[in-house]
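Tertiary structure, described
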Amino acid sequence: MGERGAVTLIENLAFAVVWDGAAKAGAGGHVYARGLDLAFEGGRIVHIGPGFEGEVARRIDGRSLMAMPGLVNIHSHPMSEPMNQGFLDEVGSPALYQSSLYEFMPLHRPDLEGMRACAEKALAELLLSGVTTLVDLSVPYEGWMEIHERAGLRTVFAPMFRSAAWSTGNGHVVEYEWLPDGGQAAFEEALTVVDRARAHPSGLFSAMVAPSQIDTCTPELIQAARTAASERGVPMQIHAAQSVVEFHEITRRHGLTPVQWLDSLGVLAPGTILGHGIFLDDHPWVHWPPTQDLKRLAETGTAVAHCPVVFQRRGITLRSL
């Protein structure tokens, strides 16, 4: 990012992905362009097109480069995932349908120093990959917002909270330890972070309300989260339909698929995002007879953050993109 008052010019770009208001039958759309100049000052684009003629503090030869809008990552866990690189990449529990969530992931959790180190590494990797807007699903920790201030991304803080923790003692049965308050204290702490992020003076921060997983949250907590999100005008994101184990757990408890259960709670709506959303009722691994889940997601305007790479490493994919 250039200094304020000093223009950086990328000259004669090999390719640029730009917005063309006349593209796509006049509705507008992104197109590829060649040979353009891109000038920016203090983080603001001041020119994109041929032949920039203003005063320039720094010139970059763009003949081997492509410029594009920053990528948006709507589901990420910077607080922990760098510690899992090389550990969970291709590990799954055979008796838990190849998921690593329940047996392996709880074994390797960072302390506060580790959380900060993980976050700094993850944000550096994301920036190098072209991500400029990030949804950070983390448990609130000291220094979280300050790390993002230094990184300079547009960050959507999504502090996670839940009513129970999962574990497995034998590698084939998942058990849940429920908190006496149903997760209320963690919920209130998360909302404090949400409100602080929305009021941040940088203007770069916003927030989501993020109950962690549908099988670790009470119905009351999920509904309260959706209400809090609606009151603030922000999205809600929750991990759902992310494993066969979770699918069976929800059908066992409620006689409904994860999507059907969320629908019965009234939380499927525009602004609700399902983390992963793989195991709908039409997925061949679950052998569930109705096929309404995908239709209901579409009808209600609910979105899915799929994250395919993580699951493909263990042979898990959506039935159909």
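Everything below is about the structure printed above this text.
Notes on the structure in this doc start here.

**As for the side chain of Ser212**
Looking at the secondary structure, you find Ser212 in the loop between β14 (210–211) and α5 (219–232). Taking the relative accessible area as the measure of exposure, Ser212 reaches 5% and is therefore buried. In this structure, Ser212 is in contact with Met160, Phe161, Arg162, Cys217, Ile238 and His239, ignoring residues within four places of it in sequence.

**A few points about the packing of aromatic side chains**
Scanning all chains against the criterion turns up 9 aromatic pairs. Here Phe157 and Phe205 contribute two aromatic rings whose centre-to-centre distance is 4.9 Å and whose plane-to-plane angle is 75 degrees, an arrangement assigned as edge-to-face. One end of the pair, Phe157, is in strand β10 (residues 154–161); the other, Phe205, is in strand β13 (residues 205–207), and 48 residues separate them in sequence. The burial state of Phe157 is the same as that of Phe205; both residues are buried. Plain terms: the ring middles of Phe247 and Trp288 are 5.8 Å apart, the flat faces sit at 80 degrees to each other, and that makes the pair edge-to-face. Pair noted here: Phe247 is in helix α6 (residues 244–254) and Trp288 is in the loop between β16 (272–276) and α8 (293–300), with a separation of 41 residues, a long-range link. A relative accessible area of 0% places Phe247 in the buried class. Counting every residue linked through ring pairs, the aromatic cluster contains Tyr141, Trp144, Phe157 and Phe205.

**Structural notes on the packing of helix α3 (residues 144–151) against helix α4 (residues 184–198)**
Geometrically, a packed helix pair is captured by the angle between its two axes and the distance between the axes. Running from N to C, α3 and α4 point in directions that differ by 30 degrees, and their axes come no closer than 12 Å. The orientation of α3 relative to α4 falls into the category roughly parallel. Handedness of the crossing formed by α3 with α4: right-handed. Contact residues: α3 offers Trp144, Met145 and Glu146, while α4 offers Val193, Arg196 and Ala197. A class-by-class count of the residues in the contact of α3 with α4 yields 4 nonpolar, no polar and 2 charged.

**What to know about the nonpolar core**
Of all hydrophobic cores here, the largest spans 27 residues; its most connected members are Phe187, Val209, Ile222, Leu262 and Leu274. Of all elements in the fold, only α4, α5, β15 (236–240) and α7 (258–264) reach the threshold of two or more residues within this core. Here the element with the most residues in this core is α5; it accounts for 5 residues.

**Description of the pattern of salt bridges**
Applying the stated rule across the entire model yields 14 salt bridges. The residue Glu125 makes a salt bridge to Lys121 at a minimum N-O spacing of 2.4 Å. One end of the pair is Glu125 and the other is Lys121, both in helix α2 (residues 112–128) and 4 residues apart, which spans about a single turn. Glu146 is the partner of Arg196 in a salt bridge, and the nearest nitrogen-oxygen pair spans 3.0 Å. Pair noted here: Arg196 is in helix α4 and Glu146 is in helix α3, with a separation of 50 residues, a long-range link. By relative accessible area, which is 45% here, Arg196 ends up partly exposed. Note on Glu146: relative accessible area 30%, which makes it partly exposed. A single salt-bridge network, built from bridges that share partners, covers Asp263, Lys295, Arg296 and Glu299.

Quick notes on the rules
- Residues numbered from 1 in each chain as written.
- Predicted model: local features only at pLDDT ≥ 70, side-chain atom pairs only at ≥ 80, totals over all residues.
- Heavy atoms only, no water.
- Helix = DSSP H or I, 4+ residues; strand = E, 2+ residues; numbered from the N terminus.
- Buried < 20%, exposed > 50% of the residue type's maximum accessible area, 1.4 Å probe, protein only.
- Contact = heavy atoms within 4.5 Å.
- Phe/Tyr/Trp six-rings, centres within 6.5 Å; stacked < 30°, edge-to-face > 60°.
- Axes fitted to C-alpha atoms, helices over the stretch in contact; angles between N-to-C directions.
- Parallel < 35°, antiparallel > 145°, perpendicular 65-115°, else oblique.
- Left-handed = near helix turned anticlockwise from the far one by under 90°.
- Nonpolar A, V, L, I, M, F, W, Y, C, P; charged D, E, K, R; others polar.
- Core = buried A, V, L, I, M, F, W, Y, C linked by side-chain atoms within 4.5 Å.
- Salt bridge = Lys/Arg side-chain N within 4 Å of Asp/Glu carboxyl O.

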